[in-house]
Structures are given as C-alpha cells and as structure tokens.
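Spelled out, the chains give:
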Amino acid sequence: MRLRNVTGSREVIASSRFVVHEPFEQRGKWNEVFGSSNPIQIEIGMGKGQFMMQLAAQNPEINYIGIEKYSTVLLRAVQKMEVQEITNLRLIRMDAEEICEVFGKGEVSKIYLNFSDPWPKDRHAKRRLPSRQFLARYDEILADDGRIEFKTDNQALFDFALGELEPAGWKLEAVTRDLHHDEKMRIGNIMTEYEQKFSAMGNPIYKYCIYR
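The shown structure was predicted, so the numbers you read here are calculated from the model rather than taken from an experiment.

Conventions we followed
- Residues numbered from 1 in each chain as written.
- Predicted model: local features only at pLDDT ≥ 70, side-chain atom pairs only at ≥ 80, totals over all residues.
- Heavy atoms only, no water.
- Helix = DSSP H or I, 4+ residues; strand = E, 2+ residues; numbered from the N terminus.
- Expected span 1.5 Å × (residues − 1).
- Buried < 20%, exposed > 50% of the residue type's maximum accessible area, 1.4 Å probe, protein only.
- Arc of directions from axis to C-beta.
- Contact = heavy atoms within 4.5 Å.
- Core = buried A, V, L, I, M, F, W, Y, C linked by side-chain atoms within 4.5 Å.
- Salt bridge = Lys/Arg side-chain N within 4 Å of Asp/Glu carboxyl O.
- Pairing = 2+ DSSP bridges.
- Axes fitted to C-alpha atoms, helices over the stretch in contact; angles between N-to-C directions.
- Lys, Arg positive; Asp, Glu negative; His and termini not counted.
- Polar contact = N/O pair within 3.5 Å; in protein donor to acceptor, adjacent residues only side chain to side chain.
- 1 Å grid on protein atoms, 1.4 Å probe; cavity = no way out; pocket = protein on both sides within 12 Å on 5 of 7 lines; lining within 4 Å.
- Points joined across faces, edges and corners; volume = space filled by probe spheres on them.
- Nonpolar A, V, L, I, M, F, W, Y, C, P; charged D, E, K, R; others polar.

Peer 1: Explain helix α7 (residues 155-168) to me, using residue names and the numbers behind them.
Peer 2: A rise of 1.5 Å per residue sets the reference length of α7, with its 14 residues, at 20 Å; its end C-alpha atoms lie 20 Å apart and thus fit the reference within 8%. Looking at α7, one finds that the buried residues are Leu157, Phe158, Phe160, Ala161, Glu164 and Leu165. Viewed along the axis of α7, the buried residues span an arc of 155 degrees, placing them on a single side of the element. Seen from the open side of α7, the exposed residues pointing more than 90 degrees away from its buried face are Ala156 and Glu166. Packed against the buried residues of α7 are α6 (132-141), β5 (142-152), β6 (171-176) and β7 (206-211).

The structure is reproduced here in structure tokens:
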C-alpha cells in the first residue's frame, strides 16, 4: 500500500457524492451518469488525483473517471474534490482486474496509466497494468480508435511494457525515454504527484502512446 492506513477513509469515500458507489450497475450507461454523450476517458491507478483533476478542468468537453484501488489514496482525491469540484470527473474505488465488468464494449475513448505498481517479481507479471493480460481487458472497453498512454520512471517496467505490445496486438504511436526533454511529447504534459517527485530527483520519465 502506498500510504499508511487512514482511519475513517472508507466511511468518507462511502458518503462522497464524487464517488460512484455502484460502478458495476453503470456498465454501458456511463453517459447517463454524466448526463451527456461526451467521450469518456479513464485513469487506472489515479493516486491522489492531481493528474486527472487538471486534465478534467482543462477539457470540459470530455468526461473523466479516476479509478483507485486503495481507500487511503482515493481519500486524498475526494478531499481535493471537496475544495475544487469538477463536474466532468467521477471517482471509483475498485480493483483494475474488474474493469470489463464496469465498462461496456467500446465505451471508453482513452486510458491513462501513470506510475503504475511495477510488481517486480516475475511471477506477478500478469498483475502489471501494461501487461498483455491487462491489454486484453483494455481492448474490450476501448473504442476502435481508442488510445492508451502510459508513463513511468521505472525502466524495467517500461521495457517490459514495450515487449508486451506485439504479442498483444498493439502498436506504438509515440514513445520517449526522456519525456521532459522530448520537445514533441512534452507539449501539454500534466505531471502526477509521483512524476514531480521522480523528475525532481533527476529520473527520466518514460512514456508511450499505443493503439490497435
């Protein structure tokens, strides 16, 4: 777990109007949740919400959903939303493995994976969010022209992610091993909390954008 346990975090999340509490019931009906037919983009492992909140604020014509497994982490995003409400952003607490039970076929236009858990042991490879197992899940919920953007400071995870693309039937649209010094790919980049921390330490940030 990325943060120490916070007493009462589950209760706060359970009562928050920014959190969708029965996401499985919304499968195929997310436009009804937002009350519009705008495209839906999701971030899996949204952390404290900095990236998704900035993205949603900048793009009111797109509906965003931030997904986070841990209550103690999602709590921080809920607290930020209480200070700065963003109408085109909703939050979900759930495990990413259940993603196909929450979104219908082609319902999502873009997926963001930012600084995902590297699961360094080989026996845990299928748990990594850019693994071929998860790419198969994303294939089910992404629109035909959908894209996935992945950022990390972990070179081993990035190399693994690149190696998963061909077996899973995905193609690179853009790739860099030093995002903050890439004149083209850094345009419009929104940093996550981890990205700010790692880049301040001098770590290069790796990124790809892929499609089928």
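After that view, the rundown keeps rolling.
Peer 1: So what about the nonpolar core? Which residues, and what values?
Peer 2: Ranked by size, the top nonpolar core spans 36 residues in total, and within it Ile42, Ile44, Phe103, Ile111 and Tyr138 carry the most contacts. For this core, the element with the highest residue contribution is α7, accounting for five residues. Setting aside its immediate chain neighbours within four residues, Phe103 contacts Arg27, Trp30, Ile42, Ile65, Ile67, Ile92, Val108 and Ile141. Of all hydrophobic cores here, the second largest spans 20 residues; its members include Val19, Ala77, Val78 and Ile86.

Peer 1: Which residues make up the pattern of salt bridges, and what are the values?
Peer 2: This structure, assessed with the given rule, holds ten salt bridges. Residue Asp95 pairs with Lys69 through a salt bridge whose shortest N-O separation is 3.5 Å. Here Lys69 lies in the loop between β2 (63-68) and α4 (71-83) and Asp95 lies in the loop between β3 (89-93) and α5 (99-102), a separation of 26 residues in the sequence. The class for Lys69 is partly exposed, based on a relative accessible area of 39%. Linked by salt bridges that have partners in common, Lys110, Glu149 and Lys207 make up one network.

Peer 1: So, the sheet that holds β2: which residues are in play, and what are the values?
Peer 2: Adjacent strands of a sheet pair through backbone hydrogen bonds, lying either parallel or antiparallel. On the basis of which strands lie adjacent, the open sheet formed by seven strands has the order β3-β2-β1-β4-β5-β7-β6 and mixed pairing. This sheet does not close on itself; its edge strands, each paired only once, are β3 and β6. On average, each strand axis in the sheet is inclined to that of its neighbour by 15 degrees, with strand direction left out of account. Sheet analysis places β2 next to β3, joined by five bridges and oriented parallel. Residue Gly66 lies in a different strand from β3, and its bridge partner there is Leu91. Relative to the sheet, α4 contacts β2 and β3, its axis offset from that of β3 by approximately 160 degrees.

Peer 1: Please give an account of the side chain of Arg90 that cites residues and values.
Peer 2: Along the chain, Arg90 turns up in strand β3. No salt bridge forms around the buried Arg90; measuring N to O, its nearest opposite-charge neighbour Glu85 is 6.4 Å away. Among the polar contacts made by the side chain of Arg90, one reaches the main-chain carbonyl oxygen of Thr87 at a distance of 2.9 Å. If near-sequence neighbours (up to four positions away) are discounted, Arg90 is found in contact with Phe18, Val20, Val33, Phe34, Tyr64, Ile65 and Gly66.

Peer 1: Tell me about the side chain of Thr176, and name the residues and values.
Peer 2: As for its position among the elements, Thr176 is in strand β6. A distance of 3.1 Å separates polar atoms of two side chains, one belonging to Thr176 and the other to Asp182. Not counting residues up to four positions away in its chain, the partners in contact with Thr176 are Phe158, Asp182, Met185, Ile205, Tyr206 and Lys207.

Peer 1: Tell me about the layout of surface pockets, and please be specific about residues and values.
Peer 2: Estimated volume of the second largest pocket: approximately 420 Å³. Lining the second largest pocket are 23 residues, with Lys110, Glu149, Met185, Ile187 and Lys207 positioned closest to its centre. Grouping the amino acids of the lining of the second largest pocket by side-chain chemistry returns ten nonpolar, six polar and seven charged.

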